[in-house]
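# Structure at a glance
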Amino acid sequence: MPGPGGVRLYLATAFCARTADEGMAVGVVMLAAQRLDSAAQGAFILAAWMAPHVLAAPTTGALAARARRPGVFYASALTGFAGAVAALSVSVGRLPLPAVLVVAAVGGCCGPVVSGGLSSLPALMLGPGKEQDRAYALDASVHNAAGVAGPAVAGTAAAAWGSGSAVAALAVAAACAAALACALPLPPGPAARPDTTPVRGDLTAGLVAVWGSRELRAITAATSLAFLGLGALTTTAVLLADSRGRPGTGGWLMTAFAVGALAGSLALARLRPTAAPVRLAVTGMTGTGLALAAAALAPGPLTCAAAFAAAGAFDGLLLTATLRLRADHAPPHRRTQVFTIGAGLKISAAALGAALAGWAGSGSATRDLAAVAALQLVAVMVYAAVRRRPGSGKEPVVPPAAVGRRDREPGEGGAPVSPPGSRRERSRTAPRSSGRVPPDRTR
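Keep in mind that this is a model prediction, so the values were computed, not measured. (Residues numbered from 1 in each chain as written. Predicted model: local features only at pLDDT ≥ 70, side-chain atom pairs only at ≥ 80, totals over all residues. Heavy atoms only, no water.)

This next bit is on the overall build of the chain. Looking only at helices and strands, the chain features 18 helices and zero strands. Pairs at least 24 apart in sequence give 83% of the contacts found in the chain among residues at least 6 apart. For the chain, the computed accessible surface area is about 20,200 Å², with 65% contributed by carbon and sulfur atoms. (Helix = DSSP H or I, 4+ residues; strand = E, 2+ residues; numbered from the N terminus. Contact = heavy atoms within 4.5 Å. Areas by Shrake-Rupley, 256 points an atom, 1.4 Å probe, with all protein chains shown as cover.)

Right under this line is the structure:
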């Protein structure tokens, strides 16, 4: 089983890939503004980059689950991702817009590997237990660190060498991730016997796995609703700063949110890596909503920034909880699909939230921020309601990924439960006898 060195290599791979992905939101818009004198066309290119996530996620997960050499699959997907970023760095402003949109859409099809597929690897590399929990807390930290580093790298490189070089630098980061993925100590995939089932059956099975587990269904619905609000947060922060007479400081509010998210996930990894994920999810969504509500009422800029940082810290807890719930409750052979589908739905919800912020803004940044906060609290209620509602199918008492775990509370990835009729269960319930037990002749 891979040791700490393997986990560190994974974290480096994920950080490089996600830095490139996070930086694209800034880099593409700056590149279009420089070469086309139109940030609007940059928004179209960014939309083409993000749109395929929700459609490509089931396919990506199915192909990853079938890969006999997972390291080669992830390295190939990240190579395609890096190639698309590099192609955009030279094609924007030099090729017709439809051709550029096609390039962006192709790169977006590799996006689910970065946003969700990579997060399935700690469960593949580590057995259930404290080490896996810690790895997912660190993985959430990498997500948040990339959210800070990606835009910073794009902005710094653009200021020093131009927007084209900035996007090219993001392509280099993605290429480094592809190279590192080749060395990941991943166990081989399904080998020996070829899988003859059609891929479309796997696509449906991934969705069924998410819907068939009450925990997965609850966290997917809740985080998608929460990200519908968070997708509008950047626009709302900019408008809030402008409305309070501090134009240009909206970016600092989002930086405070990102730094808070990084601090929250790092603190959790160090102090309480095995905290129950259900409680973390509820605490994260509730805290994010209350902190954003406080930001809407904050009297001054420093208080508002502090509230944004607190909201980010609670959002870091939610991300850690989400990753662990997916790992704990996804069937092992569908785990990658669960991660990619969940991430694809969150990104699509965030994109929709960003669009709604522009199309249907209330005209008051304070009211818009209050609406974002309210969505976080509604997400808590949705999460609780879906978890309480009995599913249509029969769920196992203990999710497959949680067998053998002793650091969970019952009902939250619980302690090992022996199935009825097992040798351990019979030994507990059978009456003791000093004589020999006659053989069972009823079979």
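Bringing the environment of Ala47 into the picture now. Examined against the element boundaries, Ala47 turns out to sit in helix α2 (residues 39-50). Expressed as a C-alpha distance, the spacing of Ala47 and Ala351, which sit 304 residues apart in the sequence, is 8.1 Å.

Below, the discussion takes up the pattern of salt bridges. Taken as a whole and assessed by the stated rule, the structure comprises three salt bridges. A salt bridge links Asp139 to Arg18; the shortest N-O distance between them is 2.8 Å. Separated by 121 residues along the polypeptide, Asp139 in helix α8 (residues 130-161) and Arg18 in helix α1 (residues 4-36) bring together distant segments of the chain. Note that Arg387 and Glu215 form a salt bridge whose closest N and O atoms lie 2.7 Å from each other. Of this pair, Arg387 sits in helix α17 (residues 365-388) while Glu215 sits in helix α11 (residues 214-230), and the two are 172 residues apart along the sequence. (Salt bridge = Lys/Arg side-chain N within 4 Å of Asp/Glu carboxyl O.)

Let us look at helix α4 (residues 70-91). With 22 residues, α4 should cover 32 Å at 1.5 Å per step; its first-to-last C-alpha distance of 31 Å lies within 8% of that length. Where α4 terminates, the next one or two residues include Gly93, which has phi positive at roughly 85 degrees. (Expected span 1.5 Å × (residues − 1).)

The next subject is the environment of Ala145. Structurally, Ala145 is set in helix α8. For the pair Ala145 and Ala258, spaced 113 residues apart in sequence, the C-alpha separation works out to 7.7 Å. Excluding residues that lie within four positions of it along the chain, Ala145 makes contacts with Phe15 and Leu262.

This paragraph deals with the packing of aromatic side chains. Summed over all chains, the structure comprises three aromatic pairs. Between Trp49 and Phe81, the aromatic rings sit 5.4 Å apart at their centres with planes inclined by 55 degrees, giving tilted as the arrangement. Of the two residues, Trp49 sits in helix α2 while Phe81 sits in helix α4, which places them 32 residues apart along the sequence. Each of the two residues, Trp49 as well as Phe81, counts as buried. Their ring planes at 10 degrees and their centres at 6.1 Å tell us that Tyr136 and Phe339 sit as a pair that is stacked. Placement of the pair is Tyr136 in helix α8 and Phe339 in helix α16 (residues 335-359), with a sequence separation of 203 residues. With respect to burial, Tyr136 and Phe339 carry one shared label: buried. Between the NZ or CZ atom of Arg217 and the centre of the ring of Trp211, over which it lies, the distance is 5.1 Å. (Phe/Tyr/Trp six-rings, centres within 6.5 Å; stacked < 30°, edge-to-face > 60°. Buried < 20%, exposed > 50% of the residue type's maximum accessible area, 1.4 Å probe, protein only. Lys NZ or Arg CZ within 6 Å of the ring centre and 35° of its normal.)

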